[in-house]
Amino acid sequence: QVQLVESGGGLVQPGGSLRLSCAASGSVSTILTMGWYRQAPGKQRELVAIVTRGGATNYADSVKGRFAISGDNAKNTVYLRMNSLKPEDTAVYYCNMRDFNGLFWGPGTQVTVSA
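Everything numeric in this text was worked out from a predicted model, so none of it was measured.

## As for the nonpolar core
- By size, the foremost hydrophobic cluster in this structure holds 29 residues, and its most contacted members are W36, L80, M82 and Y93.
- Elements with a minimum of two residues in this core: β1 (2-7), β3 (18-26), β4 (31-39), β5 (46-52), β7 (67-71), β8 (77-82), β9 (91-99) and β11 (109-113).

Okay, here's the thing in structure tokens:
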């Protein structure tokens, strides 16, 4: 089984920055994609950013130029660097991973952007 755990959420002022982390553990096989989704109250869950096994990245139009998805040297870990945060970025952010065996979700981390 695979577990995903997000961290790094919190309260930040408009214009500020946060970095979210997602670490996968357990029986992780070949990772096909990892991504971040978010859901604000009363709204649908939406894609924020994804990165493929080959390193290609895609972003929602609303976050292009402000957010960056990446990995580092840690095994099976993905990050979302969020700059120039806006109140409309307030949401629960969920990590998603698809590997060779299945699709997995983290429990989410709250991001609140407020003065």
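Picking up where we left off.
## Quick look at the state of the cysteines
- If you walk through the whole model with that rule in mind, you get one disulfide.
- For C22, the disulfide goes to C95, at an S-S distance of 2.0 Å. Looking down the S-S bond of the C22 and C95 bridge, the torsion is -85 degrees, so its handedness is left-handed. Of the two residues, C22 sits in strand β3 while C95 sits in strand β9, which places them 73 residues apart along the sequence.
- The exposure class of C95 is buried, given its relative accessible area of 0%.

## As for the packing of aromatic side chains
- Summed over all chains, the structure comprises one aromatic pair.
- An angle of 65 degrees between the planes, with centres 5.0 Å apart, marks the rings of Y37 and W105 as edge-to-face. With Y37 in strand β4 and W105 in strand β10 (residues 103-105), this pair connects stretches of sequence that are 68 residues apart.
- You can call W105 partly exposed: its relative accessible area is 37%.
- Geometry around Y94 places R45 over its ring, the cationic atom sitting 3.7 Å from the centre.
- Note that R45 overlies the ring of W105, its terminal NZ or CZ placed 5.0 Å from the centroid.

Thresholds applied
- Residues numbered from 1 in each chain as written.
- Predicted model: local features only at pLDDT ≥ 70, side-chain atom pairs only at ≥ 80, totals over all residues.
- Heavy atoms only, no water.
- Core = buried A, V, L, I, M, F, W, Y, C linked by side-chain atoms within 4.5 Å.
- Buried < 20%, exposed > 50% of the residue type's maximum accessible area, 1.4 Å probe, protein only.
- Helix = DSSP H or I, 4+ residues; strand = E, 2+ residues; numbered from the N terminus.
- Disulfide = S-S within 2.5 Å.
- Phe/Tyr/Trp six-rings, centres within 6.5 Å; stacked < 30°, edge-to-face > 60°.
- Lys NZ or Arg CZ within 6 Å of the ring centre and 35° of its normal.

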